[in-house]
Amino acid sequence: MKALRIDTKDNVAVLLDDVNTGDEIEITGYGKLHIEKNIRRGNKIALMDIKKGRAIIKYGAVIGYATEDIREGSWVHTHNVVTGLDGIIDYRYEPEVVSPDGKIDISCVSHEFMGYLRTNGEVGIRNEVWIIPTVACVNEVAKKLEELGRAYVRDSRKEIDEVVAFTHPYGCSQTGDDKDATEKVLAGLATHPNAGGVLLLGLGCENSGVEAVIAKMSEYDKTRVSYLICQNVEDEIQAGEALLKELINRASKDERKKSDIDKLTLGLKCGGSDGLSGITANPLLGSVADRLINAGGSCIMTEVPEMFGAEKNLMNRCKNEKLFNELVNMINRFKTYFIQNNQTIYENPSPGNIKGGITTLEDKSLGCTQKSGTSQICGIIDYGDKRKDRGLNLLYAPGNDPVAATALAAAHVQMILFTTGRGTPFAAPVPTMKISSNSELAKKKSNWIDYDAGKLVDGKDRNKAADELFEKIIACAEGAKVCSEKAGYHDMAIFKRGITL
């Protein structure tokens, strides 16, 4: 099979392999199709003649409109398709019946994992010591302390997974929502269960200093969070190293204990998507999300701009009208953000997405949101806030990979599942498991990719793949390192929306 018609309503099919001019391919449930030119895998071909102005249907939904007459067997892409997205629109709550508990087979799903129980009831899957600067001015101090902390762990053979400094360019000269958001993200990281110890590192004159961050920190173990204001001491390196050693010594005594699966929260993220992402990797994550949620755990999906065009599907899965209204506000708020900055709401997909076969933002969004599975939406989370509701949650953040992944970590996911069709080495503050949409990428970048979802194209059963991936997730939760951790990668980035003084 060289092409797939995803939904019976579709008038395009997605190529699962490269095709050449004159090829005749068989499409399951449709028949044979004559190919008019060389076209790359992941791109779309017309299943019938499509007149100019008519809708292009994929995933059973409109992904754009033909800008010219398109012949059967022709390439359907940016040269002959335009988005149908518009600005702020009105929505109606039309709740759909979603999969009831118990419908999804979770007999193969582990209901326990070994993790680090924290005093506030949360469970970490890593026992790391984090250095969190409150302002960019002390980034180099933080990196020096990271170096000293790692040397101490190595020389004293302490049982610590890692010592990490999360540097960033903010913490001062910010106002209003920007200032508040920076403080919330730093507070979320400082109380994260994957950190057995945290050193908050301030300068002393910044407007988002140590005191401002602590004020936004929810319940936490005060014996595990220390702070240092560099302007208040004679030698910040010496003072910081002493505090760091205390934190390492304390955290090194922690041991993994049996924890219920309801303590596990996964972040769902994609980046560098291609035409197979919505067919292989993202639906596979949806199956994993359904399994975890049915077993009592939680998932958080973000990237609001990559919900545009698929938002109605999500809105109708909200468990009540209150959540529906919150999601409408989330979507329209982000559209307003674009409009206020004189940007079109469909300024996406990226050049890499387009090269991989994604044509419009609707095309991208309908594929991206496959990650959420079929469960009801139980919570809406604002940027920088933590998850409160168990089950499937949606988080306000942009599509940018480091920014969105950092927001997921601040919301207290312990791990991020990241699907990609083109690959990326980046990592979040928490373990970031990469799932490739195609096997070519998995083979080429085996140092980046943790699981190959491209096997689904070759006929691997999705349920078996979901069980297999779930086992890998549990292994990671219990200490098995993902590729980015083996490489020593840890990144963070904060969403900046306002002015800099």
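Our subject is the structure that appears above.
What this report covers is the structure whose coordinates are included nearby. Given the structure is predicted, the values throughout are model-derived calculations rather than measurements.

**Overview of the overall build of the protein chain**
Item 1. When helices and strands are tallied, the protein chain shows 13 helices and 23 strands.
Item 2. Relative to a compact globule of 501 residues, whose C-alpha radius of gyration would be 23 Å, the protein chain shows 24 Å and is just as compact.
Item 3. Based on the C-alpha atoms only, the size of the protein chain along its principal axes is roughly 75 × 50 × 40 Å.
Item 4. Taking all 501 residues of the protein chain together, the buried fraction comes to 58%.

**Digging into unusual backbone geometry**
Item 1. One non-glycine residue, Tyr-59, lies in positive phi territory at about 60°.
Item 2. A residue is classified by how much of its surface remains accessible, and Tyr-59, at 15% relative accessible area, is buried.
Item 3. Phi is positive for Ser-173, which is not a glycine, with a value near 60°.
Item 4. Tracing the sequence through the fold places Ser-173 in the loop between strand 13 (163–165) and helix 2 (176–190).

**Focus on the packing of aromatic side chains**
Item 1. Under the definition given, this model contains 11 aromatic pairs.
Item 2. Through successive ring pairs, a cluster of aromatic residues spans Phe-308, Phe-334, Tyr-337, Phe-338, Tyr-383, Tyr-396 and Phe-495.

**Structural notes on the pattern of salt bridges**
Item 1. Per the stated rule, a full pass over the model turns up 35 salt bridges.
Item 2. Here Glu-140 makes a salt bridge to Lys-143, at a shortest N to O gap of 3.1 Å. Of this pair, Glu-140 and Lys-143 both sit in helix 1 (residues 139–156), three residues apart, which is roughly one turn of the helix.
Item 3. For Glu-140, a relative accessible area of 56% gives the class exposed.
Item 4. Using a relative accessible area of 38% as the deciding quantity, one classes Lys-143 as partly exposed.
Item 5. Of the charged contacts, one joins Lys-371 and Glu-303 as a salt bridge, the two residues approaching to 3.6 Å between their closest N and O atoms. Note that Lys-371 is positioned in the loop between helix 9 (361–368) and strand 19 (377–381) and Glu-303 in the loop between strand 18 (298–301) and helix 6 (311–315), a separation of 68 residues in sequence. Side by side, Lys-371 and Glu-303 carry an identical accessibility label, which is buried.
Item 6. By sharing partners, the salt bridges in this structure join Arg-118, Asp-221, Arg-224, Arg-250 and Asp-254 into a single network.

**Re the sheet that holds strand 2 (residues 12–15)**
Where strands meet in a sheet, backbone hydrogen bonds hold them as pairs that are either parallel or antiparallel.
Item 1. Strand order in this open sheet of four strands is 1-2-5-8, and the pairing throughout is antiparallel. Both outer strands of the open sheet, strand 1 (3–4) and strand 8 (75–76), are each paired with one neighbouring strand and no more.
Item 2. Bridge analysis of strand 5 (residues 44–46) against strand 8 gives two bridges, and the strand direction is antiparallel. Bridge pairing in strand 8 places Lys-44 opposite Val-76.

**Brief notes about the pairing of strand 17 (residues 265–270)**
The side chains of a regular strand alternate, first on one face of the sheet and then on the other.
Item 1. For strand 17, the tally of buried residues reaches six of six residues, placing the bulk of the element in the interior.
Item 2. Where burial is concerned, the two faces of strand 17 agree: the one with Thr-265, Gly-267 and Lys-269 and the one with Leu-266, Leu-268 and Cys-270 are both buried.
Item 3. In this structure, strand 17 lies alongside strand 18, joined through four bridges in parallel fashion. By the bridge assignment, Leu-266 is partnered in strand 18 with Cys-299.
Item 4. Between the parallel pair strand 17 and strand 18, the chain is carried across by helix 5 (residues 281–294), and the sense of this crossover is right-handed.
Item 5. Strand direction decides the pairing type here: strand 17 and strand 21 (residues 415–420), joined by five bridges, are parallel. When the sheet's bridge partners are listed, Leu-268 is paired in strand 21 with Leu-417.

**Digging into the packing of helix 2 against helix 10 (residues 401–410)**
Item 1. Axis separation between helix 2 and helix 10 bottoms out at 8 Å; the angle between their running directions is 55°. By the angle between their axes, helix 2 is oblique relative to helix 10. Residues Val-185, Gly-188 and Leu-189 of helix 2 lie in contact with helix 10, whose contacting residues are Thr-406, Ala-409 and Ala-410.
Item 2. Residue composition of the contact of helix 2 with helix 10, grouped by class: four nonpolar, two polar and no charged.

**Topic: the sheet that holds strand 9 (residues 81–82)**
Item 1. Read across the open sheet, the three strands follow the order 6-7-9; overall the sheet is antiparallel. The sheet is open, and its two edges are formed by strand 6 (55–58) and strand 9, each paired on a single side.
Item 2. The strands that helix 9 touches are strand 6 and strand 7 (61–66); relative to strand 7, the one it contacts most, it runs at about 165°.

**Overview of the packing of helix 5 against helix 12 (residues 462–477)**
Item 1. Across the interface, helix 5 lies against helix 12 with an axial gap of 9 Å and an inter-helix angle of 65°. Between helix 5 and helix 12, the angle falls in the class roughly perpendicular. For the crossing formed where helix 5 meets helix 12, the hand is right-handed. Residue-level inspection shows Pro-283, Leu-284, Leu-285, Ser-287, Val-288, Arg-291 and Leu-292 of helix 5 in contact with helix 12, the latter providing Arg-462, Asn-463, Ala-465, Ala-466, Asp-467, Leu-469, Phe-470 and Ile-473.
Item 2. Its residues assigned to classes, the contact of helix 5 with helix 12 shows 10 nonpolar, two polar and three charged.

**Concerning helix 4 (residues 236–251)**
Item 1. Its 16 residues give helix 4 an end-to-end C-alpha distance of 22 Å, which sits within 8% of 22 Å, the value for a rise of 1.5 Å per residue.
Item 2. When we look at burial in helix 4, the residues that qualify are Gly-240, Leu-243, Leu-244, Leu-247, Ile-248 and Ala-251. Down the axis of helix 4, the buried set is contained in an arc of 140°. They therefore lie on one face. Facing away from the buried side of helix 4, by more than 90 degrees, are the exposed residues Gln-238 and Glu-246.
Item 3. Looking at the buried side of helix 4, the elements it contacts are strand 12 (128–133), helix 1, strand 13, strand 14 (195–202) and strand 15 (225–229).
Item 4. Regarding helix 4, its N-cap is Asp-235, as a side-chain oxygen of that residue lies 3.1 Å from the backbone nitrogen of Ile-237 further along.

**Focus: the environment of Ser-173**
Item 1. With relative accessibility at 26%, the residue Ser-173 sits in the partly exposed group.
Item 2. Between the alpha carbons of Ser-173 and Ala-295 there is a distance of 45 Å; along the sequence they are 122 residues apart.
Item 3. Ignoring any residue separated from it by four or fewer positions in sequence, one finds Ser-173 in contact with Asn-207, Ile-499, Thr-500 and Leu-501.

**Describing a negative patch on the surface**
Item 1. Together, Asp-49, Glu-68, Asp-69 and Glu-72 line one region of the surface with negative charge.
Item 2. Along the chain, Asp-69 falls in the loop between strand 7 and strand 8.

Conventions used here
- Residues numbered from 1 in each chain as written.
- Predicted model: local features only at pLDDT ≥ 70, side-chain atom pairs only at ≥ 80, totals over all residues.
- Heavy atoms only, no water.
- Helix = DSSP H or I, 4+ residues; strand = E, 2+ residues; numbered from the N terminus.
- Rg over C-alpha atoms; globule rule 2.2 N^0.38 Å.
- Buried < 20%, exposed > 50% of the residue type's maximum accessible area, 1.4 Å probe, protein only.
- Phe/Tyr/Trp six-rings, centres within 6.5 Å; stacked < 30°, edge-to-face > 60°.
- Salt bridge = Lys/Arg side-chain N within 4 Å of Asp/Glu carboxyl O.
- Pairing = 2+ DSSP bridges.
- Right-handed = clockwise from strand over helix to strand, strands pointing away.
- Axes fitted to C-alpha atoms, helices over the stretch in contact; angles between N-to-C directions.
- Parallel < 35°, antiparallel > 145°, perpendicular 65-115°, else oblique.
- Contact = heavy atoms within 4.5 Å.
- Nonpolar A, V, L, I, M, F, W, Y, C, P; charged D, E, K, R; others polar.
- Left-handed = near helix turned anticlockwise from the far one by under 90°.
- Expected span 1.5 Å × (residues − 1).
- Arc of directions from axis to C-beta.
- Polar contact = N/O pair within 3.5 Å; in protein donor to acceptor, adjacent residues only side chain to side chain.
- Patch = residues over 30% accessible without salt bridge, like charges linked within 9 Å, V, L, I, M, F, W, Y side chains within 5 Å.
- Areas by Shrake-Rupley, 256 points an atom, 1.4 Å probe, with all protein chains shown as cover.
- Lys, Arg positive; Asp, Glu negative; His and termini not counted.
- Charge placed at Lys NZ, Arg CZ, Asp CG, Glu CD.

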